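# Coordinate analysis (summary)
Below, each chain spelled out in residue letters.
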Amino acid sequence: MTNRRPVRVAIVGTGGIAEGAHVPALAAQGDRVQIVAACDVDPERVKSFCDAHDIPGAYTDLGALLEDAQPDLVHLCTPPGLHAQQARRCLLAGAWVWMEKPPCLSLAEYDLITEAEQSSGAYASVVFQHRFGAAGRHAAVLIASGELGRPLVAHCATTWYRPHAYFDVPWRGSWESEGGGPTMGHGIHQMDLMLALLGDWSEVTAMAARLDRDVQTEDVSVAAVRFDSGALATVVNSVLSPREESYIRIDLTEATVEVRHLYGYGNGDWTYTPAPHVNNPARLTGWTAPRGDEPSSHAAQLTALLDAYDRGERPQVSGQDARRTLELVTAIYRSAFTRTTVTRTDLTADDPFYHRLHGDTGGWAAPAPSESE
């Protein structure tokens, strides 16, 4: 038990993700947190949101919120194009930040967020909640320990479906506001989980296409990824797939590990298939018995974030830990648009893809204003 006062939380952006994921996650923390303010550019919406959840401070200006409410932690639930500027303002005001995915539009923006961390001593973490389910944490420990042998082959698929009407929302499908297509905005969750299980990647060869949706970005991408361990993986990201699924399969020398779900998993969504030479029942029981049964969720990650806040430590999925995932996303775009194999060392500050995920590539870069008029 602790006598520490509740963590003062502000929510910026009061749309569907705030309502459907962040408010329930905060409610699950009980007296550990206190929502003191919310902010939205729409005054009627933020007032309605605050009235519905008994939040005392309703704001339409982030600066005024930070000055008046002085939150300890800010949840950024705004479109990705706003994250870098908003995160920096919060950090420089001394507040920790929890950003919805994708964290920002580029590695350049991410590094500006990190710079603000260093200036303020506060930390910015990204919502990658699939790392935090009990079964996912258990699988990561098993793989890292060598209990399942050496990883050899993997497959990571985010095959979702978004109808044409989904992109009627003005900020969707745009490089400037969303940052990318399914590689950036949808598959990033599963790719982050894949990296949490398999570790650092070393090179990527990819393709991307705009096959059926009226967007600036891609609507599908495929990639081959080599890991530092030597393991090879295929990655598919799509918003064109009527039978939706999120899937990771890892074949190791002792077993195959699989998780099959859509937007979140529980223990029952994971399976372990032993290699033919593995026949010790006690060993198999240890594989399939994670500690606890917490599903992947915003609530699970928020608990870990608040634990780090209490200890004054950098939280998981922040700093270089989260940058690694954005590096993989950037490499997929760079490889697809340049038709080359990309290594992590290629992603330098003098590379156009460091600054913009379309890399100013002809046929992919957003048109200039004069061209679109």
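Residues numbered from 1 in each chain as written. Predicted model: local features only at pLDDT ≥ 70, side-chain atom pairs only at ≥ 80, totals over all residues. Heavy atoms only, no water.

### A closer look at the sheet that holds strand β10 (residues 232-238)
Note on sheets: strands pair through backbone hydrogen bonds, and any given pair is parallel or antiparallel. The mixed open sheet is built from 8 strands, whose spatial order is β13-β12-β11-β7-β10-β9-β8-β14. With one partner strand each, in any of the chains shown, β13 (270-274) and β14 (342-343) form the two edges of the open sheet. As paired elements, strand β12 (residues 255-261) and β13 share 5 bridges and run antiparallel to each other. Note on β13: the bridge partner recorded for Val259 is Trp270. (Pairing = 2+ DSSP bridges. Helix = DSSP H or I, 4+ residues; strand = E, 2+ residues; numbered from the N terminus.)

### Regarding the pattern of salt bridges
A complete count under the given rule lists 27 salt bridges for this structure. The partner of Arg283 in a salt bridge is Glu147, and the shortest N-O contact between them spans 2.7 Å. A residue pair is termed long-range when its members are at least 10 positions apart, and Arg283 in helix α9 (residues 281-287) and Glu147 in the loop between α6 (134-145) and β7 (151-161) qualify at 136 residues. By relative accessible area, Glu147 is classed as partly exposed at 28%. Note that Glu254 is salt-bridged to Arg283, the shortest N-O span being 3.1 Å. Highlighted residues: Glu254 in the loop between β11 (240-252) and β12 and Arg283 in helix α9, separated in sequence by 29 residues. In this structure Glu254 comes out as buried when scored by relative accessible area, which is 16%. Judged by relative accessible area, Arg283 falls into the partly exposed class, the value being 26%. (Salt bridge = Lys/Arg side-chain N within 4 Å of Asp/Glu carboxyl O. Buried < 20%, exposed > 50% of the residue type's maximum accessible area, 1.4 Å probe, protein only.)

### Quick word on the sheet that holds strand β3 (residues 57-59)
Across the sheet, which stays open at both edges, the 6 strands sit in the order β3-β2-β1-β4-β5-β6 with parallel pairing between neighbours. Looking at strand neighbours, the two that pair on one side only are β3 and β6 (124-126), the edges of this open sheet. Strand-to-strand twist in this sheet, taken as the mean axis angle between neighbours without regard to direction, amounts to 25 degrees. In this fold helix α10 (residues 298-311) packs onto β1 (7-12), β2 (33-39), β4 (73-76), β5 (96-99) and β6, with an angle of close to 165 degrees to the strand it touches most, β5. (Axes fitted to C-alpha atoms, helices over the stretch in contact; angles between N-to-C directions. Contact = heavy atoms within 4.5 Å.)

### Focus: the confidence of the model for the protein chain
Mean pLDDT for the protein chain: 95, with 97% of residues reaching 70 or above. In the model, residues 368-373 has pLDDT below 50 throughout and makes 1 contact with residues more than four positions away in sequence or in other chains. (pLDDT = per-residue confidence, 0-100.)

### Digging into helix α2 (residues 43-53)
Within an α-helix, residues lying three or four positions from one another point in the same direction, as the helix has 3.6 residues per turn. Along α2, the residues classified as buried are Val46, Phe49 and Cys50. One side of α2 carries all its buried residues, which in axial view fall inside an arc of 95 degrees. The exposed set on the far side of α2, more than 90 degrees from its buried face, consists of Glu44, Asp51 and Ala52. If you follow the buried residues of α2, they end up packed against β1, α1 (16-27), β2 and β3. Sitting at the head of α2, Asp42 places a side-chain oxygen 3.0 Å from the backbone nitrogen of Glu44. Positive phi shows up at Asp54, right after α2, with a value of about 55 degrees. (Arc of directions from axis to C-beta. Polar contact = N/O pair within 3.5 Å; in protein donor to acceptor, adjacent residues only side chain to side chain.)

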